[in-house]
Amino acid sequence: MRDRDERGEGARLAGAEIGAELGERATLVQFSSAFCQPCRATRRVLADVAGMIDGVAHVEIDAEDRLELVRRLEVVATPTVLVLDGDGAIVRRAAGQPRKADVIAALGAAVRD
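Here the structure is a predicted model, which is why all the values come from computation and not from measurement.

Colleague: Sorry if this is basic, but what is going on with the nonpolar core here?
Modeller: Within the largest apolar cluster, 15 residues are counted, with the highest numbers of intra-cluster contacts made by A26, L28, V56, V83, V103 and L107. A total of 4 residues in this core trace back to one element, the largest contributor, which is helix 2 (residues 37–52). The residues contacting L28, other than those within four sequence positions of it, are L46, V49, A50, V56, A57, H58, V59, L82, V83, V103 and L107. One finds L13, V59, L82 and I90 within the second-largest nonpolar core, a separate group that totals 14 residues.

Listed below in C-alpha cells is the structure:
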C-alpha cells in the first residue's frame, strides 16, 4: 500500500475498539467519511480482498463518529487503511485509495499461515 506511515504501527486494536470482531488471520480497518469519493472505491477493494482470503475481515469506521479513535491513531485523511494481524497489531498503514495488488501485498505482513 502506498503512502505508508509509521503512526500507530505496532499498536494493537481490539474488536471492541473498532466495533467489530477481528478477522482470524487479519483485519482491514478503513476510516471513511460521508462525502469521500475515494472511500467508496476503497470499500469495494477491501471487501473484494477480504472475500478472497479466508480469515480476513473488513471493517469500515466512520471517522466523524469515532473522533477519539481518529485522534489517538492520528488519522488525518480519509480513506486511511490499517492492516491488523490476527492479534490486532497494526502492521501496515496507508492513506488514500489503495490498489487491490497493494492491499494483497500488505496482507502478506499480517497473515500468518
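Colleague: Help me out: how do you make sense of unusual backbone geometry in this one?
Modeller: If a residue is not glycine, its phi is most likely negative; likewise, a peptide bond is most likely trans. Residues T78 and P79 are joined by a peptide bond in cis, for which omega reads -5 degrees. Looking at the secondary structure, you find P79 in the loop between helix 3 (67–72) and strand 3 (80–85). Even without being a glycine, E74 presents a positive backbone phi close to 55 degrees. Structurally, E74 can be placed in the loop between helix 3 and strand 3.

Colleague: Any chance you could explain the environment of Q30 here in plain terms?
Modeller: If you trace the backbone, Q30 turns up in strand 1 (residues 26–32). Residues Q30 and L46, 16 residues apart in the sequence, show an inter-C-alpha distance of 8.3 Å. Every residue in contact with Q30, bar those within four places of it in the chain, is listed here: C39, T42, R43, L46, H58, V59, E60, I61, P79 and T80. Among the polar contacts listed, one links the side chain of Q30 to the backbone nitrogen of R43, at a separation of 3.5 Å.

Cut-offs used in this document
Residues numbered from 1 in each chain as written. Predicted model: local features only at pLDDT ≥ 70, side-chain atom pairs only at ≥ 80, totals over all residues. Heavy atoms only, no water. Core = buried A, V, L, I, M, F, W, Y, C linked by side-chain atoms within 4.5 Å. Buried < 20%, exposed > 50% of the residue type's maximum accessible area, 1.4 Å probe, protein only. Helix = DSSP H or I, 4+ residues; strand = E, 2+ residues; numbered from the N terminus. Contact = heavy atoms within 4.5 Å. Polar contact = N/O pair within 3.5 Å; in protein donor to acceptor, adjacent residues only side chain to side chain.

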